[in-house]
Amino acid sequence: MNQSILFNDDIYFDEKKSAWFFTGFLDGAPVTVQIKEKYHQRGLVITDSVKFDWEDVVENWLEDHEPNEDRVIVLNFD
């Protein structure tokens with residue numbers, strides 16, 4: 001699958017879901033990425049390196065998967 005994704009620079013931590021979120025556009029349509037990872041919990045600074053790693057994982061994931069019906073990509077690294 002050859003998909004084009006553009007990521008926004010809007011990473012935030014959701015306390016209720018205990019996960020990181022950021023958004024983007026997949027083939028021109030909005031998409032949300034949810035990442036649960038025990039190493040980067042609330043309060044830690046997300047560096048450019050971490051951000052680029054997460055974006056790379058999403059791009060690789062999209063080679064074999066599609067976002068769910070709510071246009072959310074859920075990745076769990078716990």
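Residues numbered from 1 in each chain as written. Predicted model: local features only at pLDDT ≥ 70, side-chain atom pairs only at ≥ 80, totals over all residues. Heavy atoms only, no water.

What to know about the nonpolar core
Here comes step 1: Judged by nonpolar contacts, the single largest core of 17 residues is most densely connected at Ile 5, Phe 22, Ile 35, Trp 54, Val 58, Leu 62 and Ile 73.
Here comes step 2: When contributions to this core are tallied by element, the ones reaching two or more residues are β1 (5-7), β3 (19-26), β4 (29-36), α1 (48-62) and β5 (72-76).
Here comes step 3: Per element, the largest residue contribution to this core is five residues, and it comes from α1.
Here comes step 4: Each residue touching Ile 5, except ones within four places of it in the same chain, is listed here: Phe 25, Leu 26, Val 31, Val 58, Glu 59 and Leu 62. (Core = buried A, V, L, I, M, F, W, Y, C linked by side-chain atoms within 4.5 Å. Buried < 20%, exposed > 50% of the residue type's maximum accessible area, 1.4 Å probe, protein only. Helix = DSSP H or I, 4+ residues; strand = E, 2+ residues; numbered from the N terminus. Contact = heavy atoms within 4.5 Å.)

Considering unusual backbone geometry
Here comes step 1: Positive phi, close to 50 degrees, is recorded for Ser 18, a residue that is not glycine.
Here comes step 2: By the secondary structure assignment, Ser 18 is in the loop between β2 (12-14) and β3.
Here comes step 3: With a phi angle near 50 degrees, Asp 27 is a residue other than glycine that sits in the positive phi range.
Here comes step 4: Examined against the element boundaries, Asp 27 turns out to sit in the loop between β3 and β4.

Quick notes on the environment of Ala 29
Here comes step 1: Position of Ala 29 relative to the elements: it lies in strand β4.
Here comes step 2: Exposure remark for Ala 29: the relative accessible area of 26% places this residue in the partly exposed category.
Here comes step 3: Sequence separation of Ala 29 and Leu 6 is 23 residues, and the distance between their C-alpha atoms is 9.9 Å.
Here comes step 4: Those residues in contact with Ala 29 that lie beyond four places of it in its chain are Gly 24 and Arg 71.

Thoughts on the side chain of Glu 55
Here comes step 1: Along the chain, the position of Glu 55 falls in helix α1.
Here comes step 2: For Glu 55, which is buried and forms no salt bridge, the nearest opposite charge comes from Lys 51, at a distance of 4.8 Å.
Here comes step 3: When neighbours within four sequence positions are excluded, Glu 55 is seen to be in contact with Phe 7 and Phe 22. (Lys, Arg positive; Asp, Glu negative; His and termini not counted. Salt bridge = Lys/Arg side-chain N within 4 Å of Asp/Glu carboxyl O.)

Details of the packing of aromatic side chains
Here comes step 1: One pass over the structure, following the stated rule, counts four aromatic pairs.
Here comes step 2: One aromatic cluster is present, formed by Phe 13, Trp 20 and Trp 54 through successive ring pairs. (Phe/Tyr/Trp six-rings, centres within 6.5 Å; stacked < 30°, edge-to-face > 60°.)

What to know about the environment of Asn 8
Here comes step 1: Tracing the backbone shows Asn 8 in the loop between β1 and β2.
Here comes step 2: Each C-alpha atom, one on Asn 8 and one on Thr 23, is 5.6 Å from the other, the two residues being 15 residues apart in sequence.
Here comes step 3: In this view, Asn 8 contacts Thr 23, Gly 24 and Phe 25; residues no more than four positions away in its chain are not counted.
Here comes step 4: Side chain to side chain, Asn 8 and Thr 23 meet in a polar contact 2.8 Å long. (Polar contact = N/O pair within 3.5 Å; in protein donor to acceptor, adjacent residues only side chain to side chain.)

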